[in-house]
Amino acid sequence: MGEPGEPGGLSERERAVLALEGRQWRTAGAKERAIREELGLSSTRYYQVLNGLLDREAALAHAPVLVNRLRRVREARRGAR
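Rules used throughout
Residues numbered from 1 in each chain as written. Predicted model: local features only at pLDDT ≥ 70, side-chain atom pairs only at ≥ 80, totals over all residues. Heavy atoms only, no water. Helix = DSSP H or I, 4+ residues; strand = E, 2+ residues; numbered from the N terminus. Buried < 20%, exposed > 50% of the residue type's maximum accessible area, 1.4 Å probe, protein only. Contact = heavy atoms within 4.5 Å. Areas by Shrake-Rupley, 256 points an atom, 1.4 Å probe, with all protein chains shown as cover. Lys, Arg positive; Asp, Glu negative; His and termini not counted. Charge placed at Lys NZ, Arg CZ, Asp CG, Glu CD. 1 Å grid on protein atoms, 1.4 Å probe; cavity = no way out; pocket = protein on both sides within 12 Å on 5 of 7 lines; lining within 4 Å. Points joined across faces, edges and corners; volume = space filled by probe spheres on them. Nonpolar A, V, L, I, M, F, W, Y, C, P; charged D, E, K, R; others polar. Phe/Tyr/Trp six-rings, centres within 6.5 Å; stacked < 30°, edge-to-face > 60°. Expected span 1.5 Å × (residues − 1). Arc of directions from axis to C-beta.

Draft legend 1. Main features of the overall build of the protein chain. Broken down by element type, the protein chain carries 5 helices and 0 strands. For the C-alpha atoms alone, the extent of the protein chain along its principal axes is close to 35 × 35 × 20 Å. When burial is assessed residue by residue, the protein chain has 33% of its 81 residues classed as buried. At a minimum sequence separation of 6, the contacts of the protein chain that also span at least 24 residues come to 43%. Taken as a whole, the protein chain presents about 5,400 Å² of accessible surface, with 52% of it coming from carbon and sulfur. Side chains of the protein chain give 16 positive and 11 negative charges; the mean places of these two sets differ by 6 Å.

Listed below in structure tokens is the structure:
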């Protein structure tokens, strides 16, 4: 899913998704608005892209603290089901 010339790397959009997810938000509405305005994605598509990134080693290499934290949250939610 990387850009041409970046085998196994992250695209600009994928890096932007990780950067946006790593920010602190005062309200959920602010994050949803940023997803639409900055990335041009619906919330559903944003979370699909983000979830897919959590399984990629390139994302882990790019933002290890964020990706590991999100993986732990995802596993905790799966375990609660």
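Draft legend 2. Representation of the layout of surface pockets in the model. Here the largest pocket is characterised by a volume of approximately 300 Å³. Considering the residues around the largest pocket, the lining is formed by Glu 21, Tyr 47, Leu 50, Asn 51, Leu 54, Arg 69, Leu 70, Val 73, Arg 74, Arg 77, Arg 78 and Arg 81. Listed by contribution, the elements that provide at least two residues to the lining of the largest pocket are helix H3 (43-53) and helix H5 (64-80). When residues in the lining of the largest pocket are grouped by element, the largest group, 6 residues, is from H5. Of the residues in the lining of the largest pocket, the class split is 5 nonpolar, 1 polar and 6 charged.

Draft legend 3. Broad picture of the packing of aromatic side chains. Evaluated as defined, the whole model comprises 1 aromatic pair. Between Tyr 46 and Tyr 47, the ring centres sit 4.9 Å apart and the planes meet at 85°, which makes this aromatic pair edge-to-face. With a relative accessible area of 36%, Tyr 47 lands in the partly exposed category.

Draft legend 4. How the structure looks around helix H2 (residues 28-39). For H2, built from 12 residues, the straight-helix expectation of 16 Å at 1.5 Å per residue is met to within 8% by its first-to-last C-alpha distance of 16 Å. The set of residues buried in H2 consists of Lys 31, Ala 34, Ile 35 and Leu 39. The buried residues of H2 occupy an angular sector of 105° when projected down its axis, which confines them to one face. Next to the buried residues of H2 lie helix H1 (12-21) and H3. Positive phi shows up at Gly 40, right after H2, with a value of about 70°.

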